[in-house]
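# Residue-level structural notes
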Amino acid sequence: MNLSRYSPMIEDAARHPALWRLLLGFLTVFVVLAAWVAAIIALRAVALGTWFADAGADILVLGAGTPAQATLYLIVVAGLGAGACVAAAFWQKRTPRSLVGPGARTLRHAVIAAATTFAILGCLSLLTLPFSEPVERNQPFTAWLAWLPVGILALILQTGGEEVFFRGYLQSQLAARFRGHSLAVVAPALLFGFAHYVPSFPLIAALTYVLIATMFGILAADLTIRTGSLGAAWGFHLANNALAVLIIAPTGSVTGLALWRTGTEFGPEALTSPLATAEILVLLATWFLIRRVLRV
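Residues numbered from 1 in each chain as written. Predicted model: local features only at pLDDT ≥ 70, side-chain atom pairs only at ≥ 80, totals over all residues. Heavy atoms only, no water.

### Overview of the overall build of the protein chain
On a plain count of helices and strands, the protein chain comes out with 13 helices and three strands. What you see for the protein chain is a C-alpha radius of gyration of 19 Å, in line with the 19 Å of a compact globule of 296 residues. Seen through its principal axes, the protein chain has C-alpha atoms that stretch 50 × 45 × 40 Å. Across the 296 residues that make up the protein chain, the buried fraction comes to 47%. (Helix = DSSP H or I, 4+ residues; strand = E, 2+ residues; numbered from the N terminus. Rg over C-alpha atoms; globule rule 2.2 N^0.38 Å. Buried < 20%, exposed > 50% of the residue type's maximum accessible area, 1.4 Å probe, protein only.)

This is the structure we're talking about:
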């Protein structure tokens, strides 16, 4: 693997590689995230003329059923990126650009990876449509189309925020502190995976969901190292989420922005079926094709 493209990100992180700085930076991220969430809830409460707690429940519910709820839910998650930028600037003296990579390369790779991922997932969806569970219209086409630009922007912010935190900040700081990249790849990927843990699911199903998310985190980390920017991982992430948030959303997830939704609720049954293995294989195939298209 050619690491020359990744070297600038590590060099920026290596100026202040101490673990105590990273630990304090990690805490800073969540302090900023808490303030970010509180500000969004407060604005929502003022807009609705309701209590803070009611506005919080309106935003943070996972089954966000309206476009506004779904959009705000995604923007809440984007606070991770804001927190990472603040933490990196304060504790490691790093700029946002050092967390993301060169602008032109990042944008180019993001577009290519997103298009590649969406093409693969779209083709697979069409091929498996006759064998899939029936879907139902979630909202009128005109309403969906009106909200589509807002939904795309919210997804860009949400996936970008996660990539900046997990791959841009944590991964590069760990790579600068420890020889080799194994810990830098695995630790953020595991954290990303367990962020998807659902306590209400049976243990096997919940851990399967964690495994799928962790696998995605490892593949996104590999793309970041190979390309020297977040672009490919960001596009990979964005297209995956776009299909499940904007096109066909599993019932019980963030459904407010989707054109269609599945007839049955997302739950343990799907995660303990062969579909879980198929999803991992699709992730691997998509990662491999992105690498081939980008020649990395």
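Now, onward.
### Some details on the sheet that holds strand E2 (residues 248–251)
Spatially, three strands are ordered E1-E3-E2 in an open sheet, and the strand pairing comes out mixed. With partners counted over all chains shown, the strands left at the sheet margins are strand E1 (135–137) and E2, one partner each. Strand-to-strand twist of the sheet, defined as the mean angle between neighbouring strand axes without regard to direction, takes the value 35 degrees. Here helix H11 (residues 231–247) sits on the sheet and contacts E2 and strand E3 (260–265); the angle it forms with E2, its principal contact strand, is near 70 degrees. (Pairing = 2+ DSSP bridges. Axes fitted to C-alpha atoms, helices over the stretch in contact; angles between N-to-C directions. Contact = heavy atoms within 4.5 Å.)

### Section: the environment of Pro 268
Along the chain, the position of Pro 268 falls in helix H12 (residues 268–271). On a C-alpha basis, the gap between Pro 268 and Ala 205 in space is 5.1 Å, while along the polypeptide they are 63 residues apart. Residues in contact with Pro 268, not counting those within four places in the same chain, are Phe 201, Pro 202 and Ala 205.

### Side note on the side chain of Thr 262
Of note, Thr 262 is situated in strand E3. The exposure class assigned to Thr 262 is buried, which follows from its relative accessible area of 13%. If we ignore the near neighbours within four places in the chain, the residues touching Thr 262 are Glu 133, Pro 134, Val 135, Ile 248, Ala 249, Pro 250 and Thr 251.

### Some details on the environment of Arg 226
Tracing the sequence through the fold places Arg 226 in helix H10 (residues 203–227). In this structure, the C-alpha to C-alpha distance between Arg 226 and Arg 5, residues 221 residues apart in sequence, is 6.9 Å. For Arg 226, the side chain forms a polar contact with the side chain of Asp 222, separated by 2.8 Å. (Polar contact = N/O pair within 3.5 Å; in protein donor to acceptor, adjacent residues only side chain to side chain.)

### Points about the packing of aromatic side chains
All told, the structure shown has 10 aromatic pairs when counted by the stated rule. Note on Trp 20 and Trp 91: the rings are 6.2 Å apart at their centroids and 80 degrees apart in plane angle, and the pair reads as edge-to-face. Taken as a pair, Trp 20 in helix H2 (residues 19–48) and Trp 91 in helix H5 (residues 79–91) lie far apart in primary sequence, 71 residues in all. We classify Trp 20 as partly exposed; its relative accessible area is 47%. Relative accessible area serves as the criterion here: at 18%, Trp 91 is assigned to the buried category. (Phe/Tyr/Trp six-rings, centres within 6.5 Å; stacked < 30°, edge-to-face > 60°.)

### Here we look at the nonpolar core
Judged by nonpolar contacts, the single largest core of 56 residues is most densely connected at Phe 165, Tyr 169, Phe 236 and Ile 290. With 10 residues, the top contributor of residues to this core is H10. Contacts of Phe 165, omitting those with residues within four sequence positions, involve Phe 26, Val 29, Phe 30, Leu 80, Ala 84, Leu 170 and Leu 191. Judged by nonpolar contacts, the second largest core, of 13 residues, contains Ala 154, Leu 246, Val 254 and Leu 259. (Core = buried A, V, L, I, M, F, W, Y, C linked by side-chain atoms within 4.5 Å.)

### Digging into the pattern of salt bridges
Any two side chains of opposite charge can pair, given that their charged atoms come close. Tallied over the entire structure, the rule returns four salt bridges. Salt-bridge contacts for Asp 12 lead to Arg 15; the nearest nitrogen and oxygen are separated by 3.2 Å. Here Arg 15 falls in the exposed class, since its relative accessible area comes to 58%. (Salt bridge = Lys/Arg side-chain N within 4 Å of Asp/Glu carboxyl O.)

### Notes on H10
The terminal C-alpha atoms of H10, which comprises 25 residues, lie 36 Å apart, in line with the 36 Å expected from a rise of 1.5 Å per residue. Counting buried positions over the 25 residues of H10 gives 18, a clear majority of the element. In the segment just after H10, Gly 228 is the residue with positive phi, at about 75 degrees. (Expected span 1.5 Å × (residues − 1).)

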